[in-house]
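Below, each chain spelled out in residue letters.
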Amino acid sequence: MPVDRPSRARRAALLATLVLAALALAAPLPVRGDRSISFMAWGDPAELTAWSSLVESFRTAQPGIDVELIQVADQSDYRQRLGADLAAGTPADVVLVNYRRMAGFAWRGLLLPLADRLRASEMMDEGAFWPGLLDAYRWRGTLQCIPQNIASLVVYYNRDLLRAAGIADPADDWTWDDLLAMAKALTADTDGDGRTDHFGLGVEPSLMRVAPFVWQHGGEVVNDPLRPNRLGLEGSLAREAVEWFVALQTVHHVVPDAVEEAAEPSEDRFLRGTTALFLNSRRGVPTYRAAAGFDWDVAPLPRDATAANVLHSDGFCIPAATRDADAAWAFVEHATTPEAQAVVAGTGRTVPSLRAVAESDAFLDPSLAPARSRVWLDAIPTIRTFPILPGWVDIEELADEEIERAFYGQVSVEEAIRQAAERTAPFFLAGGDA
Amino acid sequence: MPDPGRVAALRDPWRRGPWLMLAPWLVGSLLLVGLPALLTLLLSLTAYDGISAPVFTGFDAYRIVARDPLAGRALENTLLFLVAAVPLRIIGALGLALLLERPRRGTGTARVAAWIPAVIPDVAAALVWLWIFNPLLGPVNLLLGALGLPTPGWLADPETARIPFVVMAAAGLGEGFVVLLAALKGIPPEIRSAAALDGAGRVATFRAITLPFLVPWLVVLSIRDTVVALQWTLIPALVMTGGDPYYSTLFLPQAIREEAFDRFRYGPGSALIVLLALVAAAVSVGILLLARGRGVTDAD
């Protein structure tokens, strides 16, 4: 049976269809404004409302520039997406980057330096930011990103649980011992099955969480804060602080163990009302406002020999591969106006990087939880930053693994610290490529 | 001058047809598999951060990988997973196919139930397994506890964290099950009837007739499952553990992803991909040699 050959006309029609399809795929997508940029940010649904409201306010202020908001739910997905986009040369035009990760991009020349633009800006003034904050975004002396917030670690607490136990709110000058005593008093096996049902405290075992305790005790996280080339946790004061932190789980059992944490993470337990105190930065606020069915507030970190805290901050960065640097800068300028910062602060997500906004009702609104938001501002003079190193993210990841093992009693603190120091040492090298 | 015979052959639709039919697949394979594989091989001989131009460094990336304890850990975890998951999948699929071969009451429902886990997206399945193996609230430990048996920490314990991955992989045996069910249907019934007439019991019939008929299918499935299992862990690991606790569920695909896309080290990342491909090739050749030693050839 002979096979029918397609007629010449049908072949031409087929070819034309294919060509049209290819052209349709290659054509640029239609845009709303004359110019179009994209802004990529991360956060859970409650946090992402902050970025949607920022984008909306920019669309109103600058109708000629359309902004596409790219939302990534998870922080580690966001980092990998950002890394892949930057490597592929197709990043969003404005990206949120944590100051601890900024150097890893800056040393490869992936970010557009912003020092000159900030100096020339008529909308922005360097002096309006909290003193010292811009330094966290300088790579080899040049400003790379504009900070959008200046958060730090605080203790969230369930006031209902404290009241029920007859415990007063944590004082502004409470100490490590006060924290431990309170956590012990609030840890209980309520149904007598031999397993703890209410935990006094929840905290993630990581370098970021343990660092302020190390500094408060007089230790150092790196051997030389100015010229670091090794972790500093081997020093005796630092080791004592890590031991105290680890003992919260291994000795006092006021924090869930590895199995309990895997079964139900501490943040979920806090939201469910079965963990009384929870250490987190400002990022918990939108979610807790929406989901916590109890009276809650925040207290400063308890102090030891001194008060100290660790900077939690993201900045608006413009990738060097942006398609429209001027439009991207216009978005960053807008995002850093007092009006826009007030809009974002209103969602609860940020501690504004502009001092005037942070000290206004936009942030301190007494009618919105947490009533003690001022603790973030009071902590600012004690905030320290991690070293600005290209390999810092790798250092933290490796150190976190070791701290977690010690925290869950799988190795001694001494062994964990030794392993952390040895494994992270290569990443302190200049350039960051071990 | 072109050979008139060949030109005629090309004009003949019967000769040209198969190539035309194959063309989309061939072009796709070359562009989407062959070319990236070649580029990966070339990248593995370079230092490349995705930004500056790649620098040829010979086998340096392989030396970096060989010295990297985490790469070694990922390879070890991947091999342990492979050795446990692939035989479980094949034996499970074979057992289910034998069990559900003959139509009885409820066979249809049981066949669908065996097939369904294979079509559930990995992300959704991983979330379900995360709950099933939840050390305090999950059904597995609730059942074990009710029976008075020890309740492991599963994904929270470095000693047991890989087991849920193996179980999850084994549960997705639907494709192998369907293939083996079809293969069983392909065995001429008169051969088994004759064996039964000769007084062969079930075990003897299985060993002397059913199994030899199925061996070529089992070989194909083993090779296919090996290749799939080597890559499959990425999504479940990202959803369930992220490689924790302490790298006990760090498998090669995640190690590759982190090396290349998190640390911008495409040279060692590509070297790890080549390593993954070599493992797949070595295991596949091993299975083929084993099968050939048992008298199975392509002619079967």
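What counts as what
Residues numbered from 1 in each chain as written. Chains lettered and ligands numbered in written order. Predicted model: local features only at pLDDT ≥ 70, side-chain atom pairs only at ≥ 80, totals over all residues. Heavy atoms only, no water. Pairing = 2+ DSSP bridges. Helix = DSSP H or I, 4+ residues; strand = E, 2+ residues; numbered from the N terminus. Axes fitted to C-alpha atoms, helices over the stretch in contact; angles between N-to-C directions. Domains from an automatic or database assignment. Contact = heavy atoms within 4.5 Å. Buried area = accessible area lost by both parts, 1.4 Å probe. Salt bridge = Lys/Arg side-chain N within 4 Å of Asp/Glu carboxyl O. Polar contact = N/O pair within 3.5 Å; in protein donor to acceptor, adjacent residues only side chain to side chain. Buried < 20%, exposed > 50% of the residue type's maximum accessible area, 1.4 Å probe, protein only. Core = buried A, V, L, I, M, F, W, Y, C linked by side-chain atoms within 4.5 Å. Disulfide = S-S within 2.5 Å.

### Concerning the sheet that holds strand S8 (residues 199–202) of chain A
Residues and elements named next belong to chain A.
Working step 1: One open sheet accounts for four strands, arranged S8-S9-S7-S10; its pairing is mixed. Looking along the sheet, the strands with just one partner apiece sit at the ends: S8 and strand S10 (296–300). Within the sheet, the average angular offset between the axes of one strand and its neighbour, ignoring direction, is 20°.
Working step 2: For S8 and strand S9 (residues 275–280), the ladder comprises three bridges, and the chain directions are parallel. Of the residues in S9, the one forming a bridge with Phe-199 is Thr-275.

### Here's the deal with the domain arrangement of chain A
Residues and elements named next belong to chain A.
Working step 1: Taken domain by domain, chain A comprises domain 1 (35–150 + 312–373) and domain 2 (154–311 + 385–428).
Working step 2: One C-alpha centre belongs to domain 1, the other to domain 2; they are set 28 Å apart.
Working step 3: Across the contact, 32 residues belong to domain 1 and 30 residues belong to domain 2.
Working step 4: Taking both sides of the interface into account, the surface hidden between domain 1 and domain 2 amounts to around 2,600 Å²; carbon and sulfur atoms contribute 56%.
Working step 5: Looking only at domain 1, the three residues that lose the most surface to domain 2 are Arg-100, His-312 and Arg-372, adding up to 32% of its buried area.
Working step 6: Here domain 1 is connected to domain 2 by three salt bridges.
Working step 7: At the boundary of domain 1 with domain 2, the tally comes to 15 residue pairs in polar contact (both at pLDDT 80 or more).
Working step 8: Counting residues per element, the ones that place at least two in the side of domain 1 that touches domain 2 are helix H2 (45–61), helix H4 (99–106) and strand S4 (138–139).
Working step 9: Considering every element that reaches the side of domain 1 that touches domain 2, the biggest residue donor is H4, with six residues.

### Here we look at the environment of Tyr-62 of chain B
Residues and elements named next belong to chain B.
Working step 1: Relative to the assigned elements, Tyr-62 resides in helix H3 (residues 60–67).
Working step 2: For Tyr-62, a relative accessible area of 23% translates into the label partly exposed.
Working step 3: When the C-alpha atoms of Tyr-62 and Arg-105 are compared, they prove to be 57 Å apart, with 43 residues separating the residues in sequence.
Working step 4: Every residue in contact with Tyr-62, bar those within four places of it in the chain, is listed here: Leu-41, Ser-44, Leu-45, Ala-271 and Val-274.

### Brief notes about the nonpolar core
Working step 1: The biggest cluster of nonpolar side chains holds 201 residues, and the ones touching the most others in it are Phe-39, Leu-207, Val-221, Leu-231, Leu-277 and Phe-386 of chain A.
Working step 2: In terms of residues, this core owes the most to one element, helix H4 (residues 69–99) of chain B, which gives eleven residues.
Working step 3: With residues near it in sequence (within four places) discarded, Leu-277 of chain A still touches Val-155, Tyr-156, Tyr-157, Leu-162, Leu-179, Met-182, Ala-183, Gly-200, Leu-201 and Gly-202 of chain A.

### With respect to the state of the cysteines
All names here are of chain A.
Working step 1: One pass over the structure, following the stated rule, counts one disulfide over all chains.
Working step 2: The disulfide partner of Cys-145 is Cys-317, and the gap between their sulfur atoms is 2.1 Å. Residues Cys-145 and Cys-317 share a disulfide whose torsion about the S-S bond is about 105°; that sign makes it right-handed. On the criterion of sequence distance, the pair formed by Cys-145 in strand S6 (residues 145–147) and Cys-317 in strand S12 (residues 314–317) is long-range, its members being 172 residues apart. Neither residue differs from the other here; Cys-145 and Cys-317 are each classed as buried.

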